[in-house]
Every structure is written in C-alpha cells, then in structure tokens.
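# Descriptive analysis of the structure
So the chains spell out like this:
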Amino acid sequence: MSQLPIRTFGDPVLKSSTPEVLEIDEALLRLAGDMIETMHEAPGVGLAATQVGVQKRMFVYDVGDGARAVVNPRISAADGEWTYEEGCLSVPGMAWPITRAKEVHLEGRDLHGNEVSIEADDLLARVFQHEVDHLDGVLLLERLDEEQRRDAMRTLREMALSLPLDAARDADRDADRDVARYASQEMRRPR
Ligand code: NI
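Report on the accompanying structure. What you see is a predicted model; the values in this text were computed from it and never measured.

Conventions used here
- Residues numbered from 1 in each chain as written.
- Predicted model: local features only at pLDDT ≥ 70, side-chain atom pairs only at ≥ 80, totals over all residues.
- Pairing = 2+ DSSP bridges.
- Helix = DSSP H or I, 4+ residues; strand = E, 2+ residues; numbered from the N terminus.
- Axes fitted to C-alpha atoms, helices over the stretch in contact; angles between N-to-C directions.
- Contact = placed C-beta atoms within 7 Å.
- Buried ≥ 20, exposed ≤ 12 C-beta atoms within 10 Å, placed from the backbone.
- Core = buried A, V, L, I, M, F, W, Y, C linked by C-beta atoms within 7 Å.

## Some words on the sheet that holds strand 7 (residues 115-121)
One open sheet holds the five strands; their spatial order is 1-2-3-6-7, and the pairing between them is antiparallel. In the strand order of this sheet, the two ends are held by strand 1 (46-48) and strand 7, each with one partner. If you compare each strand with its neighbour and ignore which way they point, the axes differ by 40 degrees on average. Bridge count for strand 3 (residues 68-79) against strand 6 (residues 103-109) is six bridges, and the pairing is antiparallel. Bridge pairing in strand 6 links A78 to V104. Helix 1 (residues 26-41) rests against strand 1, strand 2 (58-61) and strand 3 of the sheet, and its axis sits at about 40 degrees to strand 2.

Have a look at this one:
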C-alpha cells in the first residue's frame, strides 16, 4: 500500500461527480488499500476517491472501530438535524458548524461485492453524508450559509495570495494540530 497525495480546494476533480463502479477488480482493491493508508496517515475519519484524484464511486471511513470501504454508496433515508464543527482534508485547516441529518441509512457494496446496509447516527452519519457529497462533486463549502461561505472564500483567497500552496498547507496543519473542537473534521481522527 502507498500513500496518495490529497487534492485540495481549487482542484477541478473535487467538483466532478463520479460514475458507479461496475466491477470490483484488483485496481479498485489496491485503490481502497491506498486510500485507507492515506486516511489513517492524515489522520482522518473518511476519504473519498475524488480526493485522491480518482473518479470512482467509493469512499473509505474509520471512526475508530476499523477501516472499511463502501462502493457505490447511496443515502436512502435521512432523519433529524445536527449542527457540528466539520472540516475536510481537501480544505485543510478550516472548520465550520454545519447542519446535516442526524441519522442516515447508507446502502452500497463492500469490497467483496456484498450488499452493505448501515443505520448510522451522529459522527458516522456525518461522515457518510460528507463522503457521499464528495462523490457528487460537492464540497462542504457548499453546505455553509451565505455569510459563512463569503467569509470562507475570502479566507481561502487570502491564504492563496499570501503563501505558496505547500507552505499554506503546512501552516494550517500546525495551526489546528491541537484544536480539539475539530474532532469531526475528516483530518482529525478522534484518538
Ligand atoms: Ni472532505
């Protein structure tokens, strides 16, 4: 397995909607393994294929009880509301309170091709919604209200102007390394 570079805000692949996976082959299994390693190393609680530049409908997740991949995931039911700080590995160093469904029903396939059907709530439900959004080309920025979004875009623009991209990324990583409230951030795996 190897770590893959994570695409960040501004990369057009993050806006692309992914086609369904038709065959679970060697290449897909290798990709899932690499994505799990990349997610753990970040560290994060979820990672979608588009975030490593691959247009395949698959994400991986690990909220603390083992890493799993879901192929062709679909949210078939959603209920309730929960607002919580949320970030994204592709928008490093930033987090916002985002309202999402509190409970969801996720359906899809595992890497053996078996049907997966999971009733999730709280953090896991949030991760599922966030990752399925990625596979539909939707970043969490689009889940912000108008004012939050305006602020976020201004900050991202300023970051892009003031620092070379790598330096900005490193600085963000340092800045939020010890901020516990980012617990639900993709990159903040609860420990
Ligand atoms: Ni994300």
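Having seen the model, we can carry on.
## With respect to unusual backbone geometry
Cis geometry is adopted by the peptide bond preceding P43, which originates at A42 and carries an omega value of -10 degrees. Take P43: it is sitting in the loop between helix 1 and strand 1. Positive phi outside glycine occurs at N72, with the angle close to 50 degrees. In this fold, N72 is placed in strand 3. Accessibility expressed as a C-beta count within 10 Å gives 18 for N72, which makes it partly exposed. Notably, D122 is not glycine yet its phi reads approximately 50 degrees, a positive angle.

## Some details on the nonpolar core
Core analysis: the biggest nonpolar cluster contains 34 residues, and M35, L47, M58, F59, V60 and F128 have the highest contact counts within it. At the level of elements, helix 1, strand 1, strand 2, strand 3, strand 5 (95-100), strand 6 and helix 2 (122-135) are the ones that each hand at least two residues to this core. Looking at this core, the element that brings in the most residues is helix 2, giving six residues. The residues contacting F59, other than those within four sequence positions of it, are G46, L47, A48, A49, V70, P73, E131, H134 and L135.

## Section: the environment of R68
Position of R68 relative to the elements: it lies in strand 3. With 42 residues separating them along the chain, R68 and D110 place their C-alpha atoms 7.9 Å apart. The contacts of R68, once residues within four sequence positions are left out, are V60 and Y61.

## Looking at the pairing of strand 6
Put simply, side chains in a regular strand alternate between the two faces of the sheet. Alternating positions in strand 6 separate cleanly, V104, L106 and G108 being buried on one face and E103, H105, E107 and R109 remaining unburied on the opposite face. Here seven bridges tie strand 6 to strand 7, and the two strands are oriented antiparallel to one another. Residue pairing for strand 7: V104 is matched across the bridge by A120. Joining the antiparallel neighbours strand 6 and strand 7 is a turn of five residues, in which G113 adopts a positive phi near 90 degrees.

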